[in-house]
Amino acid sequence: MTSKPVLSHTTSYKNNGSRVYIRDKKYCWIPASVVSTDTTSNTAIVSVDLAANWVSITSHTSDEQFDEENEREITVKLSDYPGGELPKQNADENGKLLAKSDMVDLPNLHEAGILYNLKCQHASGIPYSRVGDIVVAMNPFQRIENLYNEEKQKFYVNKIIWGGNQTSDKDFSMVRSKSTVASFFKFEKTHYDPHIYETSSRAYSGLYGMGASDQTILVSGESGAGKTETVKIVMSHLTKIATFHDGKDPPAKEIIDSVALSETLVTRILDSNPIFEAFGNATTLRNDNSSRFGRYTQLKFQLIQTSTNTFRKGPKPKRYTCVLSGADCTTYLLEKARIVSHVSKERNFHIFYQLLASPNNFRSQVLDVLANATSKSFRYVGKPVIDIIGGKSDAQNWTDTQKDLCGLGIAGDKLLTMMRALCVILQLGNLTFGPDPANDDHTIVLNTDELGKLSEIMGISASLLNAALTERTITARGETHKVLLKVREAMDARDALAKEIYARLFDWLVKFINAATLGEKQNDNEHSYRNIGLLDLFGFEAFDVNRFEQLCINYANEKLQYKYARDNFRSLQEEYEAEGIDLFDFASVDNSSILNLIESRLGLFAVLNEECVLPNGNAKSFVYKAKKVHKDQPALVKKLLHGPSEFGIKHFAGDVVYDASEFIACNKDSISVDLIECASKSSNSLISDEFIKLSNEKKELSQVKGRRGAIFNQMTCTKFKSQVTSLMAVIDQSRTQFIRCIKPNKSMKPYVTDHTHTLVQLSSAGLLTAITIVRESYPDNLLYDEVFDRFQCLVPIAVSSDTNLKDQVSTLLSTVLDGMEKAVGSKMSYPFALGKTKVYFRIGLLETLESDRLSLYTKHVLFIQSCVRRNLAMSIFSSMKEAVTLINMFLRAHKAMKRARNHYLKFLSCLISLQSLFRQKAARKSFTVARKAVTRLQAHIVGKRTRKKYLKCLTCTISLQSWFRQLLAKCALIELQEVSAARYIQKRWQCWKRRKEFCLLKYATLCVQKRWRSWRATSSFSNLKNATLIVQKWLRGWRLRNDILIMKNAVLLVQKWWRSWKLRIEFLKFKNATLLVQKVVRKAKHKMQFTCAITACVESARKDHARIKVQEVISQELTAHNSSGVDPWLLLDRCDKIMDDLSGDLFEFRSDCSTLKEEVLHSNNTIRHLNTALEYSEAACKAIKSNCKSQIQKLKEELHDSQTKINCQEKVIESANESHLDYKRRKEKEILELRHMMERNRQKANEESESKKKEVDEIVSKIKMEGKEGHTAQRGKLRRLRAISKESKTVTVMMVRRCWTWFVGRMARKAKTKKEFESSMTPCFEDTCFGLVCVENKEEISQELVAHNSTSTDPWSLLERFDRMINALSGDLFEVKNDCSALKEEVRQSKETILHLYTAIQYSEAAYKAIKSKHITPGSNIHKPKMQLHTAQ
């Protein structure tokens, strides 16, 4: 307790050599030493001081360049740093960095200090640190021995749960204020290393005792930070705590029985983790085993109360133990999109690869097709980038997964059914779709064999599957319609079915695991059960492109951050406000505005739901409405550079920009009724049962009143919001423990730290904000009387007792802590604050005061102790002196006796040495004589034996040599015989071989001569052929040029006629428009009718003018496509729309022409009948001769004169008709001649094109023969020939089309009789055939337009074809319009003629009645009917 902690706000770097941190663009913070400071310019010169192992333990993700040279000097501006000072390093006197397991104990608490403390711990292989009772876990990316063994588990259990870490209330230095509930101060300081076993032990100990409640452990962090492994370790520890005991008392019998019963349950709970990893984890760019769903596991514990086995009197103390009785798991936001697509370097869910790596016999049981299949056989899976997960292959992981599934009861047929459901998903991905050749609007499955396999797996007919995937049923106003899906829509339907099957399978598996791990039914006593929740949720995510999933994930993290801030800082703020202490604004940790932006009544989720309900809802409209509704919301980021479907949110961890282009589809997450009904008929019981439930839910939803709200409840964001809300309600009722997982680097290397990446995670976890609050807050507090009583001894002067207690304490602390104030900006930061009832101290200051107080007490106690110890020492010294004197006397006597004995022993040893030397000399002499005699005897005996052995060996050797030489001679004789025979055989063989080679060479020579002569003949023939081809080419070119000149003259003539005809048409258009306006004016009975008629005429003219203008623009863009950057596919889309409009208008006008022709025919019949009636009335008038004979005679004469005139006029008309027919025949003859000429030109062009095609084929064959020589020249010649052929063919087709169009229109307009009409129908029929050809071309072009991304078709050639077809349709439309106008005029004239005839008949009938009734007298006025009759005739 003698050390005095140094506060970060009292330190100074002004002295040269101080160790500080400076900012860096690449590493964020780097260590340095202060060289000098300049107060005038407010700058400092520092020297970079990097560690020796900097490169090996530091990585970076920035592109900035960095000079990693030590001792380089840098000038920094002090104004860029908080408070105008550089942050100091936490180092000792020797400059060594201090690493604290609890970061609250760091002398200098700031961002850089936290970063380097974590880095030092990670480089030392220590993964866990502590910030208060929050455990910070750095992923070590390696196995650390003895970190999770049973001894470590028992250590934390004994320290925390069984009372090993209890602190007495008398130890005041360890007491913290209960009102300061910040998570950094509400714990008692521990004297052991931080560990996640500490968190699990604290949660377990909170289940019983005083203030017992449910517990929740929140594990957060980004992908790859180790959240899943941490949850597994904590869960394993919690399930085993009941088996440990403190060693003082043996466990009670009821505890032993409960633990024995829960062993099977514990095994099932632990075995469920690999299953969740197989079905919910996947390989991503950040992590090989990334969890792609959120999970909240609730462990249920039963409280068992037992008594200790002590022998003391009185009631025995009670002891509680919690035994695991069940578990319940809830999942959130499964990443279903990964099933149908994933990045190339990532993988799908692990279960697919494990299934494909399972043994062949099992795969054969699941599906016959699966036996020989690999991951490459299925598009959804693809080739895996890795096959080792967690140090095991997919086959080994499959074995573990199958074993765990069997342990939970999923085995046999149930396992096969589940695996077949996975096979259905794999097989769905192999289906490909394309347009139906018979109907472009219909989509078909291209690979029917894959559809057959899918039909066999699902037990559904292929036709039913095809219909469900390519059609959609729509119900509107009680009527049901079938809508054909396009290719993209069919692919989306396939993917939606695959995602829904996997989601239902995953939910079924979760329910099954919950049922297997639920345990026994709880009794009625709810207080005997407690829960510990483990939340493994996605960390805060911010990518380059953030979509709907990121918004939901960040929303959940905002809710957790709100919970974290409310628990740790809100009550702290309330206490400071109650005490009247103005600390600082807590708005930096308050994210309620962000939650209101997302989940309020008019929040983003509500606006998104409204947009999903609209028929034409889209992302741009959603973003526009959201920005308009929340335009005053500061949490919504609005930038001009954002796209129409982009918006940003200021989250607690930073700004995130979201792309809402797929928000609507992701939020709806709908699947068509056809697919649901189809899947409900599957023979797979798992799929059929789940989809039957889904179908029933859909039916119930359609029958619910207030369906709009029910639809909102089915949206993904609403479901997720309700899940998060219910989760937070459960968490709010429990005490929360926090574990923050940090991923030190993206490359997943041990001992290496990425500064930038680590700081981003610290900010996302809220630790930096919390540390800032720690630095600025007052964690320690005492009452005024306690402060005065304890620290009055530290004041060197007396404090007046007349003042009140608060002023006395203020004077006391101001005197003791004088000089510790610090200027922060424009404010002064004091080391303490005086509240209404308490005194609040900065971090570490209370320990400093306690240390000073203890030092003062120690000084006075030491003086008293010295006096007492002196007296005790003097008495002890006297007694010890007498004892030492007596001991010295006995010691001297003992030493004298010892010296005498030593002298005697030395004399005796000398005598013995002399005797031994004499005896040694005598024995050596006798031994030398005996040894010489023995040596001579041995030499004689050995020599005799050796000579005998040598003679015997010599005899044997000679015998062996003779036998061996005989054997060698025999072998040489046999070899000589064999060699002579072999030489004879070789001689014969070589002779035959040489003769064979000679024959082969002779035959080869003849073949070579033959080929050489053939090649020379072929070469000469090729030269002659090339010369002939050149001559032919020149002749054909000359003929073609002549034909082109002739065609050019004909085109000029046609163009001249066309321009004159066009001017005439324009004049007629103007004239017709004028007549039409006059006619409308005459016929209009009132102003409204006139306005409507004029509006219709103007709208028709405007539409024609707009179409012509668009055609001109497209023609200009087509002409300039080589120089402009216009996208040809956009022009093709516009041409396609114009073609559709022209075709519709042409069809309407042709229908109108047919109707008008029928009306003209009907009018002619009416006129004919009226003429007959008029003739009968005239005959009746002639019959009455008795009454008015003279008048009738005059009328007859006048009628005769008029008839004569009419006959003359008819003759004139007949002559004019004959002349017109002659002119028509001449024109028809000219047109026929022109047609024949064009037909001949077409045939000639076809022949020339065929000849050029043959020439091209010959050139190609020649290129193949000659190799690469002249390849470039031949290709250019081939390109020019193709261009000439294409140009001639295009000109011919255009001339034929325009001539036929003019001819057919001419014949159709001038035909009056049936025969003439039938004769004119023949060219019309031919024109119809030409139109069908245009339609076929249009369909072909449309197919190429639809598939332009997958084909290599030139878009400009398609655009030229479209332009020609548009011109043709425009001409036809113009001719049909003129025909309609002419027919309308004929109908109008016919109606007028009929009206006049009706009038004439009425007058004739009146005259007939008048004559018959004798009302007409000789003097009466008969001229009026006569003139009317004349007018009618």
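All of the points below concern the structure found in this document. Everything numeric here is computed off the predicted structure, so don't read it as measured data. (Residues numbered from 1 in each chain as written. Predicted model: local features only at pLDDT ≥ 70, side-chain atom pairs only at ≥ 80, totals over all residues. Heavy atoms only, no water.)

## With respect to the overall build of the protein
Working step 1: In terms of regular secondary structure, the protein is built from 35 helices and 29 strands.
Working step 2: In the protein, buried positions account for 40% of the 1433 residues.
Working step 3: Partitioning the intrachain contacts of the protein with sequence separation of at least 6 by distance along the chain shows that 72% fall at a separation of at least 24. (Helix = DSSP H or I, 4+ residues; strand = E, 2+ residues; numbered from the N terminus. Buried < 20%, exposed > 50% of the residue type's maximum accessible area, 1.4 Å probe, protein only. Contact = heavy atoms within 4.5 Å.)

## A word on the pattern of salt bridges
Working step 1: Taken as a whole and judged by the stated rule, the model has 25 salt bridges.
Working step 2: The residue R130 makes a salt bridge to E198 at a minimum N-O spacing of 3.1 Å. Residue R130 is found in strand β6 (residues 128–131), and its partner E198 is found in helix α4 (residues 196–205); the two are separated by 68 residues along the sequence.
Working step 3: Of the charged contacts in the structure, one is a salt bridge between R338 and E346, with a shortest N-O distance of 3.0 Å. The two residues R338 and E346 agree in class, both being buried.
Working step 4: Residues participating in the shared-partner salt-bridge network are D102, R130, E198 and R202. (Salt bridge = Lys/Arg side-chain N within 4 Å of Asp/Glu carboxyl O.)

## Brief notes about the packing of aromatic side chains
Working step 1: Overall, the coordinates contain 22 aromatic pairs when judged by the stated rule.
Working step 2: A centroid spacing of 6.0 Å and a plane angle of 85 degrees characterise the contact between F622 and F647, whose relative ring orientation is edge-to-face. With F622 in helix α18 (residues 619–629) and F647 in strand β21 (residues 646–651), the pair connects residues that are 25 residues apart, well separated along the chain.
Working step 3: We classify F622 as buried; its relative accessible area is 1%. (Phe/Tyr/Trp six-rings, centres within 6.5 Å; stacked < 30°, edge-to-face > 60°.)

## Considering the sheet that holds strand β2 (residues 28–38)
Working step 1: The strand order across the open sheet formed by 4 strands is β1-β2-β3-β5, and the pairing between neighbours is antiparallel. In this open sheet, the two strands that pair with only one neighbour each are β1 (19–24) and β5 (73–77). For this sheet, the mean inter-axis angle between neighbouring strands, taken without regard to orientation, is 50 degrees.
Working step 2: Where strand β3 (residues 43–48) lies against β5, 5 bridges are found, and the strand directions are antiparallel. In the sheet register, T43 faces β5, and the bridge partner there is K77. (Pairing = 2+ DSSP bridges. Axes fitted to C-alpha atoms, helices over the stretch in contact; angles between N-to-C directions.)

## Brief notes about α18
Working step 1: Along α18, the positions that sit buried rather than exposed are A619, F622, V623, A626 and K627. Buried positions in α18, seen along its axis, are confined to an arc of 125 degrees and lie on one side of it. For α18, exposure combined with an orientation more than 90 degrees from the buried face picks out K620, Y624 and K628.
Working step 2: In this structure, the buried residues of α18 make contact with α17 (604–613), β20 (636–637), β21 and α19 (663–668).
Working step 3: Residue N618 occupies the N-cap position of α18, its side-chain oxygen lying 3.2 Å from the main-chain nitrogen of K620. (Arc of directions from axis to C-beta. Polar contact = N/O pair within 3.5 Å; in protein donor to acceptor, adjacent residues only side chain to side chain.)

## What to know about helix α10 (residues 394–408)
Working step 1: The first and last C-alpha atoms of α10 sit 21 Å apart over 15 residues, in line with the 21 Å expected at 1.5 Å per residue.
Working step 2: Among the residues of α10, D394, N397, W398, T401, D404, L405 and L408 are the ones counted as buried. Along the long axis of α10, the arc covered by the buried residues comes to 130 degrees, so they all point the same way.
Working step 3: Phi for G409, located one or two positions after α10, is positive at around 105 degrees. (Expected span 1.5 Å × (residues − 1).)

## A word on unusual backbone geometry
Working step 1: Even without being glycine, C28 reaches a positive phi, approximately 70 degrees.
Working step 2: Residue placement: C28 occurs in strand β2.
Working step 3: A positive phi angle is found at Y751, which is not glycine, with a value near 70 degrees.
Working step 4: By the secondary structure assignment, Y751 is in the loop between β23 (734–742) and β24 (753–754).

## Regarding the nonpolar core
Soluble globular proteins: nonpolar side chains tend toward being buried together.
Working step 1: In this structure, F279, M418, M419, L422 and Y502 are the most contacted members of the largest nonpolar core, which totals 73 residues.
Working step 2: With 13 residues, helix α14 (residues 487–516) is the single largest residue contributor to this core. (Core = buried A, V, L, I, M, F, W, Y, C linked by side-chain atoms within 4.5 Å.)

## Concerning a nonpolar patch on the surface
Working step 1: Residues F863, I864, V868, L872, I876 and M880 make up a contiguous nonpolar surface patch of about 630 Å² in total accessible area.
Working step 2: Position of V868 relative to the elements: it lies in helix α28 (residues 845–1083).
Working step 3: Accessibility expressed as a relative area gives 47% for V868, which makes it partly exposed. (Patch = residues over 30% accessible without salt bridge, like charges linked within 9 Å, V, L, I, M, F, W, Y side chains within 5 Å. Areas by Shrake-Rupley, 256 points an atom, 1.4 Å probe, with all protein chains shown as cover.)

## Section: the sheet that holds strand β28 (residues 832–834)
Working step 1: Strands sit in the order β25-β29-β28 across an open sheet of 3 strands; the sheet is antiparallel. Each end of this open sheet is capped by a strand with a single partner; those strands are β25 (780–783) and β28. Averaged over all adjacent pairs, the angle separating strand axes in this sheet is 20 degrees, with direction ignored.
Working step 2: For β25 and strand β29 (residues 838–841), the ladder comprises 4 bridges, and the chain directions are antiparallel. In the strand pairing of β29, D780 is matched with F841.
Working step 3: Those strands touched by helix α26 (residues 784–791) are β25, β28 and β29, and its axis lies near 90 degrees from that of β25.
Working step 4: Its contacts with the sheet place helix α27 (residues 805–816) against β28 and β29, and it is angled at close to 170 degrees to β28.

By themselves, these are just geometric observations and shouldn't be taken as functional.
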